[in-house]
Amino acid sequence: MARGRQHWLMKTEPAVFSFDDLMAAAGRKAAWDGVRNYQARNSLRAMRRGDLVFIYHTNAAPSGIAGIAEVVREAYPDPTQFEPGHDHFDPRSKAQAPSWDMVDVRGIEALPRLLSLEELKSEPALASLQVCQRGSRLSVHPVSAAEWERIVALAKRKSRP
DNA sequence: GCCAACGTTGGC
DNA sequence: GCCAACGTTGGC
């Protein structure tokens, strides 16, 4: 069954791994490890090669969408869940049925400017974007085609006065 | 299955 | 660093 390109948003702390770090990585590629939330994991598992992803900077000044990446490898087990002592070690995960997956992404391009959370929230058309919700903690989530287009268009515009 | 306690996230 | 919001855990 054919399926169009879908759109997603993934959060990262730029102090740990920023969009610029992704663009500077070998092949502009990175394995997106460390997701330890079931809803976010389910989104990872639903991603398909070629899907587009906004890379969102969290715990940043300001927080916001920094750039665009694409999925280049679909979900596969995150090896850090099996590494005792690792921050993301999960003693309950079974090798035969790993709890946590990751995908590989490749950086495509930075947005013309960082779209801050404040600006995203001020856009009525983006009111239902998950990252705009109060208390939103989901580190990976879908973005509708309309939201995606809106955000790309906004980023091309000059920052409002 | 309920729900209080706890740990984490993340904006500010 | 604060603290609200949220997800997870575990006692019952």
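Just so it is clear, the model here is predicted, and its values are computed rather than measured.

Caption draft 1: Summary view of the protein's contact with DNA strand B. Within the structure, DNA strand B sits among Lys11, Tyr56, Thr58, Asn59, Ser63, Leu117, Ser136 and Arg137. Sugar and phosphate atoms form 80% of the subset of DNA strand B atoms that lie within 4 Å of the protein. Here a phosphate oxygen of DNA strand B and a backbone polar atom of Asn59 are 3.1 Å apart. Between DNA strand B and Ser63 there is a distance of 2.9 Å, counted from a phosphate oxygen to a side-chain nitrogen or oxygen. For the surface near DNA strand B, the residue count by class is two nonpolar, four polar and two charged.

Caption draft 2: Looking closely at the packing of aromatic side chains. One pass over the full model with this rule turns up three aromatic pairs. Considering the side-chain rings of Phe54 and Trp148, the 3.7 Å spacing of their centres and the 15° angle between planes classify their relative orientation as stacked. In this pair, Phe54 is assigned in strand 3 (residues 52–57) and Trp148 in helix 4 (residues 145–156), connecting sequence segments 94 residues apart. Across the pair, Trp148 and Phe54 agree in class, each one buried.

Caption draft 3: Summary view of the protein's contact with DNA strand C. Surveying the vicinity of DNA strand C reveals the residues Asn37, Tyr38, Gln39, Arg92, Arg134, Gly135 and Arg137. By atom count, sugar and phosphate contribute 75% of the portion of DNA strand C lying within 4 Å of the protein. In this structure, a phosphate oxygen belonging to DNA strand C sits 2.2 Å away from a side-chain N or O atom of Arg92. The side chain of Arg134 places a nitrogen or oxygen atom 2.7 Å from a phosphate oxygen of DNA strand C. Taken together, the residues of the surface near DNA strand C break down into one nonpolar, three polar and three charged.

Caption draft 4: Molecular detail of helix 2 (residues 38–46). By the burial criterion, the buried members of helix 2 are Ala40, Arg41, Ser43 and Leu44. For helix 2, the angular spread of the buried residues around the axis is 155°, confining them to a single face. Looking at the buried side of helix 2, the elements it contacts are strand 1 (7–12), strand 4 (64–77), strand 5 (101–116) and strand 6 (140–143).

Calculation notes
- All chains use their own residue numbering, which begins from 1 and follows the written sequence.
- Chains carry letters and ligands carry numbers; both start at the beginning, A for chains and 1 for ligands, and go up in the order they are written.
- Thresholds applied to this predicted model are a pLDDT of at least 70 for local features of residues and 80 or more for the giving and counting of side-chain atom pairs; totals over whole chains, interfaces and linings are not thresholded and use all residues.
- Note: side-chain values were computed over all heavy atoms of the structure, leaving out hydrogens and water.
- In this text, near means that some heavy atom of the residue lies within 4 Å of the molecule or strand in question.
- Any N or O atom pair separated by 3.5 Å or less is treated as a polar contact, with the protein-specific requirement of one donor-capable and one acceptor-capable atom, and with residues adjacent in sequence counted only for side-chain atom pairs.
- Residues are grouped as follows: Ala, Val, Leu, Ile, Met, Phe, Trp, Tyr, Cys and Pro are nonpolar; Asp, Glu, Lys and Arg are charged; all remaining types, including Gly, are polar.
- Paired rings are identified among Phe, Tyr and Trp, the last through its six-membered ring, by centres lying within 6.5 Å, and are further divided according to the angle between planes into stacked (under 30 degrees), edge-to-face (over 60) and tilted (the rest).
- Each helix is a run of H or I in the DSSP string that is no shorter than four residues. Each strand is a run of E no shorter than two, and both are numbered from the N terminus.
- Per-residue accessibility, obtained with a 1.4 Å probe over protein chains only, is compared with the maximum for each type, and a residue is labelled buried under 20%, exposed over 50%, and partly exposed between these values.
- To be clear, the arc concerns the directions from the helix axis to the C-beta atoms.
- In this analysis, two residues are considered to be in contact whenever any of their non-hydrogen atoms come within 4.5 Å of each other.

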